[in-house]
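Chain by chain, the residues:
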Amino acid sequence: MGRVLPTLKKRRAPLARAEEQRAWLARLRLPRSFEVSLASIDLLPLRPTRIETLQINVGKRCNQTCRHCHVDAGPDRFEVMPPEVVERCLEVLAQCDIPTIDITGGAPELHPQFREIVLRARRLGRRIINRCNLTVTLLPNYADLPLFFAEHRVELVCSLPHFRAKQTDTQRGAGVFDESIEALRRLNHLGYGRDASGLLLNLVANPVGAFLPPSQRLAERDWKHQLRSRYGIEFNRLYTITNMPIARFLEWLVDSGNLQDYMERLVNAFNPAAAEGVMCRDTLSVGWDGTLYDCDFNQMLELPVAGRPAQTIFDFDLEKLGRRPIVTGPHCYGCTAGAGSSCGGATVD
Ligand code: SF4
Ligand code: SF4
């Protein structure tokens, strides 16, 4: 029996507004600003290389309410990408040669047009990445999703904070680990995560606390061994990501008094090679309402791409966007610390 989409008995306290989050970060006394660090390696202003991925955030509705969620997603969120924005995203994709569409949310599968987006992007011959929380595939009305993914060769990037139940449930809620394992078994059964099938199943792990992730390469080896020996689960790649100092994780850092120390840790671990490879250089992010952002994180801080008024997908001009200066801030240290961090995991591991 799948997990029923939960209705929250108590409404969560609203997340601090993006403006307030930006103010918390701006008030920090850091050894040097992100822009000074970029200038020291001749990367200021930061500009795109080539836009390879159109990442569309189709909304904030989710069947989970994870503690570290940078989107502040949950069952009580109402933001859903409207049909005209979906249509324009697909039109843009058809009109240019951006090879990859990356669908994210919330739980993207809960968007009423999710399957249509996949089908139409597939017809355009694009690589499709879907960011899946695993448990959504156990919801009663969504149990056929794994088959749909497989039929349309959707690459899955699935979040699982840890291969141990306790750590995962601490971040994601009681029982989420067991459901995630069940979802992974069903995906494996269809060929996902098995080398010969070509059906890619990548996992995303993030630290359960205010520290940097371990080496992605070593962690992947360990996770493969642990998930195979404990549960018979196979997967392709493990992406280790740094917790970004925004949204719920930022609130936790503030509440627990860890913000200054965590940010200093990120600043002191600034890695020039990771800065070269930050994902905003080859990805463009579209918010649920069509606003364009340099990345999903800037989206959560309500920092649209440079220029006024804020540009939307309806103003899309690939050539101009390819020359834009990327909007940066202290939170960007989350992408450049240690081995780097992006939606595809470490950038220099
Ligand atoms: S982290 Fe992912 S699964 Fe968890 S609440 Fe946010 S969008 Fe949903
Ligand atoms: S937070 Fe966004 S804009 Fe800043 S470095 Fe990371 S990807 Fe680029």
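As a reminder, the structure under discussion sits directly above these lines.
Residues numbered from 1 in each chain as written. Chains lettered and ligands numbered in written order. Predicted model: local features only at pLDDT ≥ 70, side-chain atom pairs only at ≥ 80, totals over all residues. Heavy atoms only, no water.

1. Focus: the nonpolar core
- Core analysis: the biggest nonpolar cluster contains 99 residues, and I56, F149 and W223 have the highest contact counts within it.
- Considering each element in turn, this core owes the most residues, six residues, to helix α3 (residues 83-95). (Core = buried A, V, L, I, M, F, W, Y, C linked by side-chain atoms within 4.5 Å. Buried < 20%, exposed > 50% of the residue type's maximum accessible area, 1.4 Å probe, protein only. Helix = DSSP H or I, 4+ residues; strand = E, 2+ residues; numbered from the N terminus.)

2. Here we look at the site of ligand 1
- Contacts to ligand 1 come from C62, Q64, T65, C66, C69, A73, G106, N133 and R172.
- Among the detected pockets, ligand 1 sits in the largest cavity.
- Of the residues in the shell around ligand 1, the class split is four nonpolar, four polar and one charged. (Near = heavy atom within 4 Å. 1 Å grid on protein atoms, 1.4 Å probe; cavity = no way out; pocket = protein on both sides within 12 Å on 5 of 7 lines; lining within 4 Å. Sits in = over half its atoms within 2 Å of the grid points. Nonpolar A, V, L, I, M, F, W, Y, C, P; charged D, E, K, R; others polar.)

3. Some remarks on the site of ligand 2
- Around ligand 2, the surrounding shell consists of M244, V278, M279, C280, C295, F297, N298, I326, V327, H331, C332 and C335.
- Here ligand 2 occupies the second largest cavity.
- Along the lines of polarity and charge, the residues of the shell around ligand 2 split into 10 nonpolar, two polar and no charged.

4. Regarding the pairing of strand β4 (residues 155-159)
- Extensive coverage of β4 is indicated by the burial of five of its five residues.
- Alignment of strand β3 (residues 127-132) against β4, held across four bridges, turns out to be parallel. Across the sheet, residue N130 finds its bridge partner in β4, namely L156.
- After leaving β3, the chain enters helix α5 (residues 145-151) and then returns to the sheet as β4, a path that is right-handed. (Pairing = 2+ DSSP bridges. Right-handed = clockwise from strand over helix to strand, strands pointing away.)

5. Examining the environment of C280
- If you trace the backbone, C280 turns up in the loop between α11 (272-276) and β7 (283-286).
- With 213 residues separating them in the primary sequence, C280 and R67 have C-alpha atoms 25 Å apart.
- Setting aside its immediate chain neighbours within four residues, C280 contacts L46, D294, C295, R324 and I326. (Contact = heavy atoms within 4.5 Å.)

6. Considering the sheet that holds β7
- If you walk across this open sheet you meet the eight strands as β6-β5-β4-β3-β2-β1-β7-β8, and the pairing is mixed. Looking at strand neighbours, the two that pair on one side only are β6 (238-240) and β8 (292-293), the edges of this open sheet.
- Two strands pair when backbone bridges link them, and β7 and β8 are joined in this way by two bridges, in the antiparallel orientation. Bridged to S285 within β8 is Y293.

7. Remarks on unusual backbone geometry
- Note the cis peptide between L44 and P45, where omega equals -5°.
- As for its placement among the helices and strands, P45 is situated in the loop between α2 (34-40) and β1 (53-57).
- In the Ramachandran plot, D42 falls in the positive-phi region, its phi being about 60° despite a non-glycine side chain.
- Mapped onto the secondary structure, D42 falls in the loop between α2 and β1.
- Despite not being glycine, E302 has its phi angle at roughly 55°, a positive value.
- Tracing the backbone shows E302 in the loop between α12 (296-300) and α13 (318-321).
- On the basis of relative accessible area, E302 is assigned to the exposed category, the value being 52%.

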